[in-house]
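Next come the chains, spelled out residue by residue.
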Amino acid sequence: MTDTNLYIVIATAGLAGLAMIVTAGLAGWRGWLQLKSREIDRAHDMPYPPAASAGSRIEMADLKERIRKLEAIAAGVDL
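Residues numbered from 1 in each chain as written. Predicted model: local features only at pLDDT ≥ 70, side-chain atom pairs only at ≥ 80, totals over all residues. Heavy atoms only, no water.

(A) Up close: the overall build of the protein chain. The helix and strand inventory of the protein chain stands at 2 helices and 0 strands. For the protein chain, the C-alpha radius of gyration of 28 Å lies well beyond 12 Å, the compact-globule estimate for 79 residues. Each principal axis of the C-alpha atoms in the protein chain carries an extent, and together these give about 85 × 40 × 20 Å. Every one of the 79 residues in the protein chain was classed for burial, and the buried ones make up 1%. A total of about 7,300 Å² of accessible surface is found on the protein chain, and carbon and sulfur atoms cover 66% of it. Of the charged side chains in the protein chain, 9 are positive and 9 negative; the average position of the first set lies 6 Å away from that of the second. (Helix = DSSP H or I, 4+ residues; strand = E, 2+ residues; numbered from the N terminus. Rg over C-alpha atoms; globule rule 2.2 N^0.38 Å. Buried < 20%, exposed > 50% of the residue type's maximum accessible area, 1.4 Å probe, protein only. Areas by Shrake-Rupley, 256 points an atom, 1.4 Å probe, with all protein chains shown as cover. Lys, Arg positive; Asp, Glu negative; His and termini not counted. Charge placed at Lys NZ, Arg CZ, Asp CG, Glu CD.)

(B) Local environment of helix α2 (residues 54-75). Here α2 spans 32 Å end to end across 22 residues, near enough to the 32 Å set by a 1.5 Å rise per residue. Of the residues one or two after α2, G76 is the one with positive phi, at around 85 degrees. (Expected span 1.5 Å × (residues − 1).)

(C) Here's a closer look at the environment of D41. As for its position among the elements, D41 is in helix α1 (residues 3-45). Look at D41 and you get partly exposed, because its relative accessible area is 44%. Separated by 13 residues in the primary sequence, D41 and A54 have C-alpha atoms spaced 27 Å apart.

(D) Geometry of the pattern of salt bridges. A full pass over the atoms with the stated rule returns 3 salt bridges. One salt bridge connects K36 with E39, and the closest N-O pair in it is separated by 3.3 Å. One end of the pair, K36, and the other, E39, are both in helix α1, 3 residues apart, so they sit about a helical turn from each other. By relative accessible area, which is 40% here, E39 ends up partly exposed. A salt bridge links E65 to R68; its shortest N-O distance comes to 2.5 Å. With E65 and R68 both in helix α2, this residue pair falls 3 residues apart, about one helical turn. The class for E65 is partly exposed, based on a relative accessible area of 31%. (Salt bridge = Lys/Arg side-chain N within 4 Å of Asp/Glu carboxyl O.)

(E) A look at a nonpolar patch on the surface. Side chains of L26, W29, W32, L33 and L35 sit close together on the surface and give an oily, nonpolar patch of about 500 Å² of accessible area. Here L26 shows up in helix α1. Relative accessible area serves as the criterion here: at 40%, L26 is assigned to the partly exposed category. (Patch = residues over 30% accessible without salt bridge, like charges linked within 9 Å, V, L, I, M, F, W, Y side chains within 5 Å.)

Interpretation in functional terms is not warranted from these geometric data alone.
In structure tokens form, the structure reads like this:
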């Protein structure tokens, strides 16, 4: 093969590989968009959000208390 033909073959193979990668990426992007669309539709179909469990409510209260204490420390207030 001559140098010109070698360069053409390498460029063509590179473009074909790039086209495959782009096609796979586009398919993944469309799948991700479809997943997010279904999540949004499912969220709109629910009349109200599911109730939080007692454990998660206790954890949230604990975190809020920690934040309150850290803010007091930052402000220089003794608890």
